[in-house]
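# Close look at the chain arrangement
Each chain, written out:
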Amino acid sequence: MINPMKLRAATAFVILTAFMASAVAQDQQQPAAKSKGLVADASSTLHQKMLGEWVLSGEPGAEIEPKPGARMKFFGHSHWIITEHDPSTGVVTFHHGGTYELDGDSYTEKLTFANESTKHMIGLVFKFKIKVADGKYTQEGDGNPFTEVWTRPKK
(Lines give C-alpha, C1' and ligand atoms only; values in the text may rest on other atoms or scores of the structure.)
Protein backbone atom coordinates (compact mmCIF):
# COMPACT_ATOMS: atom_id res chain seq x y z
CA MET A 1 0.00 0.00 0.00
CA ILE A 2 1.30 3.44 -0.89
CA ASN A 3 1.84 5.78 2.03
CA PRO A 4 0.01 9.04 1.08
CA MET A 5 2.49 11.22 2.99
CA LYS A 6 5.47 9.62 1.26
CA LEU A 7 3.71 9.96 -2.11
CA ARG A 8 2.99 13.64 -1.43
CA ALA A 9 6.58 14.28 -0.34
CA ALA A 10 7.99 12.46 -3.37
CA THR A 11 5.64 14.29 -5.73
CA ALA A 12 6.52 17.65 -4.19
CA PHE A 13 10.25 16.83 -4.44
CA VAL A 14 10.04 15.84 -8.11
CA ILE A 15 7.95 18.89 -9.01
CA LEU A 16 10.15 21.30 -7.07
CA THR A 17 13.32 19.80 -8.57
CA ALA A 18 11.91 20.16 -12.10
CA PHE A 19 10.70 23.66 -11.30
CA MET A 20 14.06 24.81 -10.00
CA ALA A 21 15.88 23.29 -13.00
CA SER A 22 13.47 25.10 -15.33
CA ALA A 23 13.91 28.36 -13.41
CA VAL A 24 17.70 28.12 -13.56
CA ALA A 25 17.58 27.37 -17.29
CA GLN A 26 15.24 30.31 -17.93
CA ASP A 27 17.39 32.65 -15.81
CA GLN A 28 20.44 31.62 -17.84
CA GLN A 29 18.56 32.24 -21.10
CA GLN A 30 17.24 35.66 -20.02
CA PRO A 31 20.12 37.57 -18.41
CA ALA A 32 18.72 40.88 -19.72
CA ALA A 33 15.61 40.44 -17.57
CA LYS A 34 17.65 40.82 -14.39
CA SER A 35 19.23 44.06 -15.55
CA LYS A 36 15.77 45.48 -16.30
CA GLY A 37 14.58 44.81 -12.74
CA LEU A 38 12.12 42.07 -13.71
CA VAL A 39 13.29 39.70 -11.00
CA ALA A 40 11.99 40.30 -7.49
CA ASP A 41 14.33 42.05 -5.06
CA ALA A 42 15.94 39.21 -3.13
CA SER A 43 16.43 41.47 -0.09
CA SER A 44 12.70 42.15 0.27
CA THR A 45 11.25 40.74 3.49
CA LEU A 46 7.96 39.95 1.74
CA HIS A 47 9.85 38.19 -1.04
CA GLN A 48 11.77 36.07 1.47
CA LYS A 49 8.55 35.12 3.28
CA MET A 50 6.77 33.97 0.10
CA LEU A 51 9.55 31.64 -1.11
CA GLY A 52 8.87 27.91 -0.96
CA GLU A 53 5.76 25.75 -1.03
CA TRP A 54 2.13 26.61 -0.27
CA VAL A 55 -1.12 24.64 -0.40
CA LEU A 56 -4.46 26.16 -1.45
CA SER A 57 -6.74 26.54 1.54
CA GLY A 58 -9.59 28.65 0.15
CA GLU A 59 -10.48 32.32 0.04
CA PRO A 60 -10.30 35.02 2.72
CA GLY A 61 -13.08 34.28 5.19
CA ALA A 62 -13.78 30.85 3.65
CA GLU A 63 -10.68 28.80 4.45
CA ILE A 64 -10.71 25.00 4.61
CA GLU A 65 -8.28 22.30 5.71
CA PRO A 66 -6.48 21.16 2.52
CA LYS A 67 -6.95 17.51 1.55
CA PRO A 68 -4.30 15.19 0.05
CA GLY A 69 -3.66 16.15 -3.56
CA ALA A 70 -4.68 19.77 -2.95
CA ARG A 71 -3.36 22.38 -5.35
CA MET A 72 0.15 23.55 -4.46
CA LYS A 73 2.01 26.73 -5.37
CA PHE A 74 5.79 27.06 -5.29
CA PHE A 75 7.77 30.31 -5.43
CA GLY A 76 11.42 30.46 -6.48
CA HIS A 77 13.37 33.70 -6.69
CA SER A 78 11.81 34.75 -9.99
CA HIS A 79 9.55 31.86 -11.03
CA TRP A 80 6.38 30.21 -9.73
CA ILE A 81 4.39 27.05 -10.42
CA ILE A 82 1.00 25.70 -9.44
CA THR A 83 0.39 21.97 -9.56
CA GLU A 84 -2.23 19.47 -8.46
CA HIS A 85 -2.34 15.69 -8.60
CA ASP A 86 -4.83 12.91 -8.06
CA PRO A 87 -3.80 11.43 -4.69
CA SER A 88 -5.07 7.97 -5.61
CA THR A 89 -2.95 7.69 -8.78
CA GLY A 90 -0.22 10.30 -8.43
CA VAL A 91 -1.09 11.62 -11.90
CA VAL A 92 -0.64 15.38 -12.29
CA THR A 93 -3.97 16.84 -13.38
CA PHE A 94 -3.18 20.54 -13.33
CA HIS A 95 0.18 22.26 -13.81
CA HIS A 96 1.36 25.66 -14.97
CA GLY A 97 3.74 28.44 -14.03
CA GLY A 98 5.99 31.20 -15.21
CA THR A 99 7.79 34.31 -14.03
CA TYR A 100 6.83 36.99 -11.55
CA GLU A 101 7.65 40.51 -10.45
CA LEU A 102 7.22 41.93 -6.98
CA ASP A 103 7.03 45.68 -6.25
CA GLY A 104 6.20 46.22 -2.59
CA ASP A 105 2.98 44.24 -2.10
CA SER A 106 2.09 44.41 -5.81
CA TYR A 107 2.69 41.01 -7.38
CA THR A 108 2.48 40.30 -11.13
CA GLU A 109 2.78 36.82 -12.57
CA LYS A 110 3.09 35.82 -16.21
CA LEU A 111 2.04 32.32 -17.24
CA THR A 112 4.73 30.95 -19.57
CA PHE A 113 4.14 27.17 -19.51
CA ALA A 114 1.26 24.79 -18.82
CA ASN A 115 -0.01 21.27 -19.24
CA GLU A 116 -2.97 20.37 -21.43
CA SER A 117 -5.59 21.49 -18.89
CA THR A 118 -4.44 25.14 -18.78
CA LYS A 119 -2.43 25.67 -21.97
CA HIS A 120 -5.01 28.24 -23.12
CA MET A 121 -3.66 30.54 -20.38
CA ILE A 122 -0.07 30.69 -21.68
CA GLY A 123 0.92 34.33 -22.12
CA LEU A 124 -1.64 35.73 -19.68
CA VAL A 125 -0.55 38.16 -16.97
CA PHE A 126 -2.26 38.42 -13.58
CA LYS A 127 -1.87 41.18 -10.98
CA PHE A 128 -2.42 40.87 -7.23
CA LYS A 129 -1.98 42.59 -3.89
CA ILE A 130 -0.30 40.08 -1.60
CA LYS A 131 0.61 39.57 2.03
CA VAL A 132 2.32 36.85 4.01
CA ALA A 133 1.44 36.61 7.70
CA ASP A 134 0.77 33.92 10.29
CA GLY A 135 1.78 31.08 7.93
CA LYS A 136 -0.58 32.28 5.18
CA TYR A 137 0.05 33.71 1.74
CA THR A 138 -2.97 35.78 0.65
CA GLN A 139 -3.40 37.15 -2.85
CA GLU A 140 -6.18 39.54 -3.81
CA GLY A 141 -6.87 39.51 -7.54
CA ASP A 142 -6.53 42.89 -9.25
CA GLY A 143 -8.83 42.60 -12.26
CA ASN A 144 -8.97 38.81 -11.97
CA PRO A 145 -10.98 36.34 -9.86
CA PHE A 146 -8.00 34.62 -8.20
CA THR A 147 -8.37 35.92 -4.64
CA GLU A 148 -6.98 33.03 -2.59
CA VAL A 149 -5.42 31.99 0.70
CA TRP A 150 -2.54 29.52 0.70
CA THR A 151 -0.97 27.94 3.79
CA ARG A 152 2.33 26.20 4.42
CA PRO A 153 1.81 22.44 4.12
CA LYS A 154 1.93 20.43 7.31
CA LYS A 155 5.05 18.32 7.63
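Anyway, here's the lowdown on the structure attached to this text. (Residues numbered from 1 in each chain as written. Predicted model: local features only at pLDDT ≥ 70, side-chain atom pairs only at ≥ 80, totals over all residues. Heavy atoms only, no water.)

### Topic: the overall build of the chain
- Of the regular secondary structure elements, the chain holds three helices and ten strands.
- In sequence order, the secondary structure elements of the chain are arranged as α-α-α-β-β-β-β-β-β-β-β-β-β.
- Per-residue burial over the chain gives 35% buried out of 155 residues.
- Look at the contacts in the chain between residues 6 or more apart in sequence, and 43% of them connect residues 24 or more apart.
- Put simply, the chain shows about 8,900 Å² of open surface, and 59% of that area lies on carbon and sulfur atoms. (Helix = DSSP H or I, 4+ residues; strand = E, 2+ residues; numbered from the N terminus. Buried < 20%, exposed > 50% of the residue type's maximum accessible area, 1.4 Å probe, protein only. Contact = heavy atoms within 4.5 Å. Areas by Shrake-Rupley, 256 points an atom, 1.4 Å probe, with all protein chains shown as cover.)

### What to know about the sheet that holds strand β9 (residues 136-142)
- Reading around the barrel, the eight strands line up as β1-β4-β5-β6-β7-β8-β9-β10 and close back on themselves, with antiparallel pairing between neighbours. Each adjacent strand pair in this sheet contributes to an overall mean axis angle of 35°, direction not counted.
- Note: strand β1 (residues 52-56) against strand β4 (residues 72-75), four bridges, orientation antiparallel. By the bridge assignment for β4, G52 is matched with F75. (Pairing = 2+ DSSP bridges. Axes fitted to C-alpha atoms, helices over the stretch in contact; angles between N-to-C directions.)

### Comments concerning the nonpolar core
- Counting residues in each nonpolar core, the largest one holds 19 residues, and the members touching the most others are M50, F75, W80, Y100, Y107, I130 and Y137.
- Counting residues per element, this core draws most heavily on strand β8 (residues 125-133), which supplies four residues.
- Core analysis: the second largest hydrophobic core is formed by five residues, V55, A70, F74 and I81 among them. (Core = buried A, V, L, I, M, F, W, Y, C linked by side-chain atoms within 4.5 Å.)

### Observations regarding the side chain of S78
- Relative to the assigned elements, S78 resides in the loop between β4 and β5 (79-85).
- The class for S78 is buried, based on a relative accessible area of 5%.
- Within the structure, the side chain of S78 is placed 2.8 Å from the side chain of H79, a separation counted as a polar contact. (Polar contact = N/O pair within 3.5 Å; in protein donor to acceptor, adjacent residues only side chain to side chain.)

### Re the side chain of S57
- Looking at the secondary structure, you find S57 in the loop between β1 and β2 (58-59).
- In contact with S57, other than residues within four places in its own chain, are A62, E63, I64, P66, V149, W150 and T151.

### Considering the pairing of β4
- Residues M72 and F74 point to one face of β4 and K73 and F75 to the other, with burial holding for every one of them.
- Bridge analysis of β4 against β5 gives four bridges, and the strand direction is antiparallel. Bridge pairing in β5 links F75 to W80.
- From the end of β4 to the start of β5, which pair antiparallel, there are three residues.

### Concerning the packing of aromatic side chains
- What the rule picks out here adds up to seven aromatic pairs.
- A ring pair is formed by Y100 and Y107, whose centres lie 5.4 Å apart and whose planes are at 40°; its orientation type is tilted. Here the two residues Y100 and Y107 agree in accessibility, since each one is buried.
- Every member of this aromatic cluster is reached through a ring pair, and the members are W54, F75, Y100, Y107, F128 and Y137.
- The ring of W80 carries the charged tip of K73 above its face, separated from the ring centre by 5.3 Å.
- The positively charged end of R152 is found above the aromatic ring belonging to W54, 3.8 Å away from the centroid. (Phe/Tyr/Trp six-rings, centres within 6.5 Å; stacked < 30°, edge-to-face > 60°. Lys NZ or Arg CZ within 6 Å of the ring centre and 35° of its normal.)

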